[in-house]
Every structure is written in structure tokens, then in C-alpha cells.
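If you want the building blocks of each chain, they are given just below.
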Amino acid sequence: MRVFVVCFLFFLFLIQGSVLQWLLPQAWGTSFVVIPQLVLSGIVMLSLYGDEQMAVLFGFGFGLLHDIVYGPAWGISAFSTALTAYAAVLVSRHFPPYPWIAGLTNMVVQWIHLFIIYGWFRLFDFTQMPFFPAISYHIIPSVLFNVVCGFPIYFLISRIYRKNEQNTIQLFG
Amino acid sequence: MFIRFFIHRPLLILLLSVILLFLSVGMTRGDRGELDGPESWIKDGVFRLQGFLYQETQALISLISPENSAKPAAEPQEFLNLKSRVFQLEQENEELKKLLGYKEKDRVTYIPARVVYRSPDRWNNRVVINRGSSDGVYAKMPIITSQGLIGRVQSVTEDMADIQLLTDSGSGPGIAAVIQGENGETLGILEGYDPEKKRLIMKKIPASAKPKKGQIVVTSRLSDIYTGGILIGTVDQVKTGEFGVDQIVYVKPSASFERLDFVLVVRDPAKLQLIRHQAGGKDVKGGGKR
């Protein structure tokens, strides 16, 4: 099952850089920009289903892959994604994996992640974009897009785990 | 033992990872020249998968969306005038080259390439193409499309090259560019990009110069990297600089930075030699710091 999850996340990772770059609104000339973070949504859903260590490890692994393939320097996404995955794990310890909880957690995590990445980029001078334009043109549209796209990912991952849970006993939720 | 020591101290882990982050960013940032080892294997692996997806999507989209209807041709009279002028200039050029003893091997050549993938965020603008050092692409070569300059090569592996787009030029050393005015050329430095207005920012233009809207901006021959005369865009807006001694010009880029597909790598032997010379006689592979 882990292999299947890894393949699914890797597929999302590939789509972010290729297919979505043709479909997202900025490709058609809008001034606001949507940054797809589907892998992060997948990792949040994973953490809700209880695999805590795996979520943080996947956060680190896919973050590092993101850095090597897309990023200007190593370590920025690896650190930020692992940290936000840990935040998602903290949330999921207290709540059962209902869809609306998943949506809310995803929204908070996407905010934190975009902010941290933007912060590092500004600190290391990889971007010169001022703070408020970055929020209104990049971060807000991206959060909306990623929350909406998080739901199909949620249903897929919950389906994978339900299949697996048939042999186990569930007490809560 | 060690694992237990770390597991119960999340704060310690956080601090250590921040320090590690600073170290790794410090070591891996900037122009990297040619990459090798595991990094290039990972990049090449992802690149093969991405290439398939990106080009298939491009094919699908071009099927669905009707191609931009061809622009109405220029007026026949004007067109003929231009044609004759080009002919005249070509002849003149030919003669002058003969006088200079121009060698065929110094000719600028173009390496055609296709875009394979693009970084999902627009904070750093990185595009990857499917030509690498095995095709003769080196770091710092300029990249153009049919519409104009779009960026330069930042690092290469054997089969692919990373491009830093012009929209990311604020973090680099700047590009020497000239405005082609009525009374000669005005030199300036292209530094930075305004994402709201979608304009490139050109600085250090002398206050005596009077750039006008619509004048053409091209790369300067004096640049270390860029071949002279590559189209960048047109002058859009002129402002007085910070201290009133110079002017800032907003340049409307002629090339689109979205939906990139076919691009050309400019191979200029003279500039390559210059880069090699600056690297201290070493091979171009080393690359420089930003």
C-alpha cells in the first residue's frame, strides 16, 4: 500500500510541473498566479489517516525532490514541507478524519507552507516580490485552488485506507 | 541511544535543521555550471517523465484551442519598401564583413530546444529544456524564442539545461541593454521585474537621454554573456530614478513567458571565448557565482 501511495504522490509531483503549467490561469495571461501544491495536500491527508512518521518522512523526501528538480537551492522545501507535515500530524492527533476537518487542516497547512517558502525566498534573495502583492496575487489564489483540489485527493486516499482497514477494529470516528 | 536523545527534543531538531538549511542553501545556490553525480541522475529521471507529460499536454491544448488567428499582413507597399531595405542592408553587411576579415567560424548559431517542465511557483522562474552539455549547451548562454529574449542557461547536465527567465533578473548581475533611439543608442542595465505591471525594469539611464514610448530595447554588444542586438522589448514608461540623476524605464517584454514550447539557445563563439577567458583559462564548466 505504501508503494501505491508513493506512486500516487509522485504522479501529483510530476503533474505540478508539466500538465498544470498549461492549464492554470497564469498560462492564459492572468496577473494572479496559482501555485499548485498537490503533493502537500496528499501528505496532509496521509497524516489524517494516522501514519504520522510516514507523513513527516514523505514531507522531507518530496520536499527535497522538489528542491533538486525545481528549486533554486537545496533544503528550502525539504525543511518547510517536513515542518508543515508535522503541524498536520499535530492537528490529526486530536480530530477524526472527516472531510471538513481535512479541508480546514489542508487550508491552514497550505497557508503556512506558502508563507514559509515565501519567507525563505525573500531571505535568500531568490525573489524580489514585495509582501502584499505576494499575498494577494500568489498566496490567496493558491490556497483556494489547493483546498478545492485537496478534496479529490482526500477521497482517493481515504478509499485506499478504508480498504486496508477492513481487517482492523475501529473504536472512534 | 542517539535516536532517543533526539526524539524527545523537537526544539533541538528544529534548530539543527534550520542550521542545516542555511548550510545547504549556501552551498547550492547561484550558477552551478555543469552538474553531475546523483543530482543529475535524479534530474534526468524526472526530466524524461515530465517531457512526455508536458509535450502531450501541449499537443492536446493546441488541438482544442484555435490557434491565434494570423495577424493581418503589413500593407503591401510598406512590406515592399522594407524588403528592398533589407536587401540593401544585407549587401552592405556582406561588404563590410569582407572588409573586416569576418570568419565563418565566428558566426552565431542557434540550437533548437523544447521546454520540458517548469517550476510550479512563480517566485523563482525556472524552466528546463531538453538540450544539455552533450548538445553543446553551456552555462550562461542566452535563450530566445521567435519573439525575443527570454533568459539564460543557469546550469546544465548531460541531457538538459536549467534556464533562469528574464523575470528573475533582479537577483542576477543585471543585463546590459540599449534603447535604440532616434539619435543613437542609450545604454542601461536591466535589473528586476515588476510582476504587477508585467514590465522589466531598466535602470542607470543618463538623465540627458530622452527615451520615448515604443522605442526598441535590445541587448548590448558590450555584455559579457549576451550577443548584441537580441530583441528584449519596447519602452513603455519613463520615470526619474531615486536620486534624480538617472532615469528608470519600464520595458514591455516582447516575448511571452507563459506557455513556452520551442526555444532557441544562442551559441555565440566570441562570448563563449570571453567566458572561458574570465574563468582563468579553465573550461566553461566551472560556472561563476552570482
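For every chain, the first residue of the written sequence is number 1, and numbering continues from 1 onward in sequence order. Labels are handed out in written order, letters beginning with A for the chains and numbers beginning with 1 for the ligands. Only residues with pLDDT of at least 70 get local features here, since the model is predicted, and only at 80 or more are side-chain atom pairs given and counted; chain-wide, interface and lining totals rely on the full set of residues. The basis for the side-chain values is all heavy atoms of the structure; hydrogens and waters are excluded.

Before going further, it helps to examine the UniProt feature "transmembrane region" (unreviewed entry) in chain A. UniProt positions are given in the numbering used here, feature names are shortened, and annotations may be inferred rather than shown by experiment. When the UniProt feature table is mapped to this numbering, "transmembrane region" (unreviewed entry) covers residues 76-92, 104-123 and 135-157 of chain A. Here a strand is any run of E in DSSP of at least two residues, a helix any run of H or I of at least four, and the numbering for each starts at the N terminus. Structurally, residues 135-157 of chain A comprises 100% helix and 0% strand, and the distance from its first C-alpha atom to its last is 30 Å.

Residue and element names in this part refer to chain A. Axis separation between helix α3 (residues 38-48) and helix α6 (residues 99-123) bottoms out at 10 Å; the angle between their running directions is 130°. In terms of axis orientation, α3 runs oblique to α6. Crossing geometry of α3 relative to α6 is assigned as right-handed. Here Leu40, Ser41, Val44, Met45 and Leu48 of α3 come into contact with α6, specifically with Ile101, Ala102, Thr105, Asn106, Val109, Gln110 and His113. Under the grouping applied here, Gly and all other residues not named as nonpolar or charged are polar, the nonpolar ones being Ala, Val, Leu, Ile, Met, Phe, Trp, Tyr, Cys and Pro and the charged ones Asp, Glu, Lys and Arg. Grouping the amino acids of the contact of α3 with α6 by side-chain chemistry returns seven nonpolar, five polar and no charged. Each axis is a line fitted through C-alpha atoms, taken for helices only over the stretch in contact, and angles between the N-to-C directions span 0 to 180 degrees. For this classification, under 35 degrees means roughly parallel, over 145 means roughly antiparallel, 65 to 115 means roughly perpendicular, and everything else is oblique. For any helix crossing, the convention is left-handed if the near helix is rotated counterclockwise from the far helix by under a right angle, and right-handed if that rotation is clockwise. Residues count as neighbours in contact if any of their non-hydrogen atoms are within 4.5 Å of one another.

In this complex, chain B contributes 40 residues to the contact, which on the side of chain A involves 50 residues. What gets called buried area is simply the loss in accessible area from a 1.4 Å probe that two parts show on being joined, summed for both. Of the roughly 4300 Å² buried where chain B meets chain A, counting both sides, 70% is carbon and sulfur surface. Contact with chain A buries surface across chain B, with Pro120(B), Trp123(B) and Arg259(B) losing the most and accounting together for 20% of the total. The rule for a salt bridge is simple: a side-chain nitrogen of Lys or Arg has to be within 4 Å of a carboxyl oxygen of Asp or Glu. Across the chain B-chain A interface, the total number found is zero salt bridges. We call two N or O atoms a polar contact when they sit within 3.5 Å, provided that within protein one can donate a hydrogen and the other can accept it, with sequence-adjacent residues counted only if both atoms are side-chain atoms. Put simply, chain B and chain A have ten residue pairs in polar contact (both at pLDDT 80 or more) between them. Broken down by secondary-structure element, the contributors of at least two residues to the side of chain B that touches chain A are α2 (10-28), α3 (38-64) and β2 (109-118) of chain B. The element contributing the most residues to the side of chain B that touches chain A is α3(B), with eleven residues.

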